[in-house]
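Results of the structural survey
Below, each chain spelled out in residue letters.
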Amino acid sequence: PGILAAESSWVATVHLDKIPKDVAIVHQVREPMAWLNSYVRAPGAQSTIELVLPGFSAGMTKQPVTTAMLLWTTWGSRISGSGRISARYQLEEIDVDRVISLAELADYSITRHSAEIAIDIVPRTYNTHPQWADHVQLTWDDLPPGSARDGFVAMAREYGYVVP
């Protein structure tokens, strides 16, 4: 097989147009509220927005929850709008069969045992900043009403998440 490389960061969104057309792009999504709770508590997270989404900060609000919702939908829209997504999956739902199919998508063959090891090594809560798990967690009901919330909810549903 060829070289298998991946970027699971939001930084990748600004480079989608530079990726060769024959390269499969996989969109891994995280449970929206887990992402939002992690983002609003991450020190310095909001200061990196302009680096990865140039021009986004011009429309930012001083409300971190609203900013986070806008960021998540802007980021997701750029990925979806690229027309380049070969597969999308929810991180929380990844299993051995999905790991194997993702490897096959990259023309890479792995054993079932290797897929099991991969799942054991990287938790489904990866990059969710567990140090804040004991803090008050925002829920869907806590989100301020308005177009940012409407877009956040719509995208969450589009990605297959259940929104109360």
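Scroll up to find the structure this text is about.
Keep in mind the model is a prediction, meaning the values are calculated, not measured. (Residues numbered from 1 in each chain as written. Predicted model: local features only at pLDDT ≥ 70, side-chain atom pairs only at ≥ 80, totals over all residues. Heavy atoms only, no water.)

1. Concerning the overall build of the chain
What the chain contains, in helices and strands, is six helices and two strands. Each helix (α) and strand (β) of the chain, taken in turn from the N terminus, gives the series β-α-α-α-β-α-α-α. Here the chain holds 164 residues, and 35% of them are scored as buried. Taking the contacts inside the chain whose residues are at least 6 apart along the sequence as the reference set, 73% of them involve residues at least 24 apart. Counting only carbon and sulfur atoms, one obtains 56% of the accessible surface of the chain, whose full area is about 9,800 Å². (Helix = DSSP H or I, 4+ residues; strand = E, 2+ residues; numbered from the N terminus. Buried < 20%, exposed > 50% of the residue type's maximum accessible area, 1.4 Å probe, protein only. Contact = heavy atoms within 4.5 Å. Areas by Shrake-Rupley, 256 points an atom, 1.4 Å probe, with all protein chains shown as cover.)

2. A short note on the packing of helix 1 (residues 32-41) against helix 3 (residues 64-81)
Between two packed helices, both the angle of their axes relative to each other and the distance between the axes serve to describe the pair. Where helix 1 contacts helix 3, the axes come no closer than 10 Å and their chain directions differ by 125 degrees. Classified by the angle between their axes, helix 1 and helix 3 sit oblique to one another. Crossing angle aside, the handedness with which helix 1 passes helix 3 is right-handed. Contact residues: helix 1 offers Pro32, Trp35, Leu36, Tyr39 and Val40, while helix 3 offers Pro64, Val65, Ala68, Met69, Leu71, Trp72 and Trp75. Looking at side-chain class alone, the contact of helix 1 with helix 3 contains twelve nonpolar, no polar and no charged residues. (Axes fitted to C-alpha atoms, helices over the stretch in contact; angles between N-to-C directions. Parallel < 35°, antiparallel > 145°, perpendicular 65-115°, else oblique. Left-handed = near helix turned anticlockwise from the far one by under 90°. Nonpolar A, V, L, I, M, F, W, Y, C, P; charged D, E, K, R; others polar.)

3. Focus on the nonpolar core
Residues Trp35, Leu36, Met69, Trp72, Trp140, Leu143 and Phe152 are the most contacted members of the largest nonpolar core, which totals 24 residues. Looking at this core, the element that brings in the most residues is helix 3, giving seven residues. Trp72 has contacts with Arg30, Pro32, Trp35, Phe152, Met155, Ala156 and Tyr159, leaving out every residue within four places of it along the chain. In terms of nonpolar packing, the next biggest core, distinct from the first, is built from eight residues, Val99, Ile100, Leu102 and Ala115 among them. (Core = buried A, V, L, I, M, F, W, Y, C linked by side-chain atoms within 4.5 Å.)

4. Some thoughts on the pairing of strand 1 (residues 25-29)
Only one face of strand 1 is covered, namely the face carrying Ile25, His27 and Val29; the face carrying Val26 and Gln28 is uncovered. Two strands pair when backbone bridges link them, and strand 1 and strand 2 (residues 85-90) are joined in this way by five bridges, in the parallel orientation. Of the residues in strand 2, the one forming a bridge with Val26 is Ala87. (Pairing = 2+ DSSP bridges.)

5. Here's the deal with the environment of Leu70
Tracing the sequence through the fold places Leu70 in helix 3. Taking the C-alpha atoms as reference, Leu70 lies 7.3 Å from Phe152; in sequence the two are 82 residues apart.

6. Side note on the packing of helix 4 (residues 96-105) against helix 5 (residues 112-121)
Look at helix 4 against helix 5: their axes get within 9 Å of each other, and the N-to-C directions meet at 110 degrees. Classified by the angle their axes make, helix 4 and helix 5 are roughly perpendicular. The interaxial crossing formed by helix 4 with helix 5 has right-handed handedness. On helix 5, the residues that touch Val96, Asp97, Val99 and Ile100 of helix 4 are Arg112, Ala115, Glu116 and Ile119.

7. What to know about the packing of aromatic side chains
Under the counting rule described, the total for this entry stands at four aromatic pairs. Of the aromatic side chains, those joined through ring pairs into one cluster are Trp72, Trp140, Phe152 and Tyr159. (Phe/Tyr/Trp six-rings, centres within 6.5 Å; stacked < 30°, edge-to-face > 60°.)

8. Focus on a nonpolar patch on the surface
A contiguous nonpolar patch, built from Ile117, Ile121 and Val122 and spanning about 270 Å² of accessible area, is present on the exposed surface. Checked against the element boundaries, Ile121 lands in helix 5. (Patch = residues over 30% accessible without salt bridge, like charges linked within 9 Å, V, L, I, M, F, W, Y side chains within 5 Å. Salt bridge = Lys/Arg side-chain N within 4 Å of Asp/Glu carboxyl O.)

9. Thoughts on helix 6 (residues 147-158)
Quick reminder: α-helices carry 3.6 residues per turn. Residues three or four places apart thus point the same way. A rise of 1.5 Å per residue sets the reference length of helix 6, with its twelve residues, at 16 Å; its end C-alpha atoms lie 16 Å apart and thus fit the reference within 8%. Of the positions making up helix 6, those classed as buried are Ala148, Arg149, Phe152, Val153, Met155 and Ala156. Seen from one end, helix 6 has its buried residues packed into an arc of 165 degrees, which puts them on one side. Along helix 6, the residues that are exposed and aim more than 90 degrees away from the buried face are Ser147, Asp150 and Glu158. Of the surrounding elements, those touching the buried residues of helix 6 are helix 1 and helix 3. Of the residues flanking the end of helix 6, it is Gly160, one or two places downstream, whose phi is positive at about 95 degrees. (Expected span 1.5 Å × (residues − 1). Arc of directions from axis to C-beta.)

Structural measurements only, silent on function.
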